[in-house]
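Fold and contact review
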Amino acid sequence: MSSSVLYDAPGPKALVRNRIYSVVGSLLILALIGYAVLQLAERGHFAPEMWNIFNNAGVRANIRDGILSTLQVFVVAAVLSLVLGVGLAVARLSDHRAVSAVATGFIELFRAVPLLITIYAMWVLFLTYKENLGFIGESSAYWALVIGLTVYNACVQAEVLRAGVNAVPKGQVEAAYALGLRKSQVMTMLLIPQAVRSMMPTIISQLVVTLKDTSLGYIITYAELLYAARTMANNIIVNDDNPYVPVVIVVGAIYVAMCLALSSVATWIEKRGRRAKTGITPAAAGEPLEAPGVLETAAGPVGPQAPGGPEGTEGPADKQN
């Protein structure tokens, strides 16, 4: 029986008890879900008329526009957060105390502040100075959401990359410095590539969080998917009621599908990285180009001798003559 540092391995009775608890808990959860479904059905939320709204071209267009707006914010924020995250990780690992202190303070500040507050503060700031910000002021909600997501997720990505860099064996770094590489070369050629590869699943997982956090845009009236869904549910009346339940189910399924697609990309990248061939393949041994020569020693030559033998002595051929 294997043991763990964190907990003791359960015995036979504990295993049976845990299985009973799991079955009972699962049955209770299923019962609660069934009860909720029955209550919603009695109130007419699963009536065909409620779901018929998705056959309307306008409803489908609103959902499509919401998905495109969500993906647009996600792509921009994901790219910017990765770039800024690498810069913050390198700055925090810097030997200059001032640079490291500034990067550490920035990371700890925006990791501690709730993301919603950051987004809302950026939105208020852009609205206040809208006339002086040009194109940013015209799309204040969009840029507030993008910058808020970028700053928060860049701080998280920076810590992920820093953990990956610290996980690289110290011997590789010492060997790189012994070869005469500068610190910038060691960071860009040795540490960052290995950190990105080892922490890729965590990086993709944080990108999934970034995708889900785009739903916070509805607070600042940005027309992303959740805002579009709420607007539709508030404006459509079916059987004297708003179709909140069908809209929530459909939009939730869309979010789940997008997150699963991004997670599948992470799984594919991880498997591809495991299959990648790394290292140097040793060359096959070949035949020696020429016969080994005489090994010179202090006592004289050792090995095959010339026909005449060493100087001053007779060789086998001389004795025969």
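Residues numbered from 1 in each chain as written. Predicted model: local features only at pLDDT ≥ 70, side-chain atom pairs only at ≥ 80, totals over all residues. Heavy atoms only, no water.

Some thoughts on the environment of Met258
Definition in use: Numbering goes from the N terminus for both helices and strands, where a helix is a DSSP run of H or I of at least four residues and a strand is a run of E of at least two. Should any heavy atoms of two residues lie within 4.5 Å, those residues are counted as being in contact.
Looking at the secondary structure, you find Met258 in helix 12 (residues 244-275). Residues Met258 and Ile67 lie 191 residues apart in sequence; the distance between their C-alpha atoms is 9.6 Å. Residue contacts for Met258: discarding those within four places in its chain leaves Ile67, Thr70, Leu71, Leu211 and Leu225.

Structural notes on the side chain of Thr118
One can find Thr118 in helix 5 (residues 115-128). Once you skip the residues sitting within four places of it in the chain, Thr118 turns out to touch Phe110, Val113 and Gly148.

A word on the packing of helix 4 (residues 97-112) against helix 7 (residues 140-166)
In plain terms, the rule: The axes used here are C-alpha line fits, helices contributing only the stretch in contact, and every angle between their N-to-C directions lies in the interval 0 to 180 degrees. Angles are sorted into four bins: roughly parallel if under 35 degrees, roughly antiparallel if over 145, roughly perpendicular if 65 to 115, and oblique for all others. Crossings are assigned a handedness: left-handed for a near helix turned anticlockwise from the far helix by less than a right angle, right-handed for a clockwise turn. Here the nonpolar group is Ala, Val, Leu, Ile, Met, Phe, Trp, Tyr, Cys and Pro; Asp, Glu, Lys and Arg are the charged ones; every other residue, Gly included, is treated as polar.
Contact geometry of helix 4 with helix 7 gives a least axis separation of 9 Å together with a crossing angle of 120°. With respect to helix 7, the axis of helix 4 lies oblique. Where helix 4 crosses over helix 7, the two elements pack in a sense that is left-handed. Every residue of helix 7 that contacts helix 4 at Phe106, Ile107, Phe110 and Arg111 is listed here: Val151, Tyr152, Cys155, Ala158 and Glu159. Here the contact of helix 4 with helix 7 is composed, by residue class, of seven nonpolar, no polar and two charged.

Structural notes on the nonpolar core
For clarity, the threshold we go by: For our purposes a nonpolar core is just a set of buried Ala, Val, Leu, Ile, Met, Phe, Trp, Tyr and Cys residues, chained together by side-chain atoms within 4.5 Å. Exposed residues in this analysis have more than 50% of their type's maximum accessible area, buried residues have under 20%, and partly exposed residues fall in between, with area computed by a 1.4 Å probe over protein chains only.
Ile63, Leu225 and Val247 are the most contacted members of the largest nonpolar core, which has 25 residues in total. Excluding residues that lie within four positions of it along the chain, Ile63 makes contacts with Phe54, Leu225, Met232 and Ile254. Ala77, Tyr142, Leu145 and Tyr222 belong to the second-largest nonpolar core, a separate cluster that totals 15 residues.

Here's the deal with the side chain of Asn153
Here is the rule we go by: Here a polar contact is taken to be a pair of N or O atoms separated by no more than 3.5 Å, where protein atoms must pair a possible hydrogen donor with a possible acceptor and residues adjacent in sequence count only if both atoms sit in side chains.
Here Asn153 shows up in helix 7. Overall, the relative accessible area of 0% leaves Asn153 in the buried class. Separated by 2.7 Å, the side chains of Asn153 and Gln206 make a polar contact. Setting aside residues up to four positions removed in sequence, Asn153 forms contacts with Ser81, Gln206 and Thr210.

So, a nonpolar patch on the surface
The condition is simple: Note that patches include only residues with greater than 30% relative accessible area and no salt bridge, and the join distances are 9 Å for like charges and 5 Å for nonpolar side chains (Val, Leu, Ile, Met, Phe, Trp, Tyr). Under the convention used here, a 1.4 Å probe and the Shrake-Rupley method define accessible areas, while residue burial counts only the protein chains that appear. Between Lys or Arg on one side and Asp or Glu on the other, a salt bridge is scored when a side-chain nitrogen of the former is within 4 Å of a carboxyl oxygen of the latter.
A cluster of nonpolar side chains, namely Val23, Leu27, Ile29, Leu30, Ile33, Val37, Phe46 and Ile249, defines an oily patch on the protein surface of about 730 Å² accessible area. Broken down by element, the residue count for the nonpolar patch peaks at six residues, all from helix 1 (residues 12-42). Relative accessible area serves as the criterion here: at 31%, Phe46 is assigned to the partly exposed category.

With respect to the packing of helix 9 (residues 183-198) against helix 10 (residues 200-213)
At a minimum axis separation of 4 Å, helix 9 and helix 10 run at an interaxial angle of 65°. The angle between helix 9 and helix 10 places the two elements in the roughly perpendicular class. Contacts between helix 9 and helix 10 involve Val196, Arg197 and Ser198 from the former and Met200, Pro201 and Ile203 from the latter. In terms of residue class, the contact of helix 9 with helix 10 is made up of four nonpolar, one polar and one charged.

As for the packing of aromatic side chains
How we decide: The rule is short: rings of Phe, Tyr and Trp, with Trp giving its six-membered ring, pair when the centres are within 6.5 Å, and they are stacked under 30 degrees, edge-to-face over 60, tilted in between.
For the coordinates displayed, the defined rule picks out six aromatic pairs. Ring centres 5.1 Å apart and planes at 80° place the aromatic pair Tyr142 and Trp143 in the edge-to-face group. On the basis of relative accessible area, Tyr142 is assigned to the buried category, the value being 13%. Through successive ring pairs, a cluster of aromatic residues spans Phe46, Trp51 and Phe54.

A closer look at the confidence of the model for the chain
For the record, the criterion: For every residue, the predictor reports its confidence as pLDDT, a number between 0 and 100.
Of the residues in the chain, 81% reach a pLDDT of 70 or more, and the chain-wide mean stands at 82. At the level of individual helices and strands, the chain shows its lowest average pLDDT in helix 13 (residues 316-320), which scores 49, and its highest in helix 4, which scores 93.

A closer look at the pattern of salt bridges
Pairs may arise between side chains of opposite charge once their charged atoms sit close together. Within this structure, the stated rule accounts for seven salt bridges. Glu108 is the salt-bridge partner of Arg111, the closest N and O atoms lying 4.0 Å from each other. Of the two residues, Arg111 and Glu108 are both situated in helix 4; the distance of three residues between them amounts to about one turn of the helix. With a relative accessible area of 40%, Arg111 lands in the partly exposed category. One salt bridge in this structure joins Arg111 and Glu159, with 3.7 Å as the shortest N-O distance.

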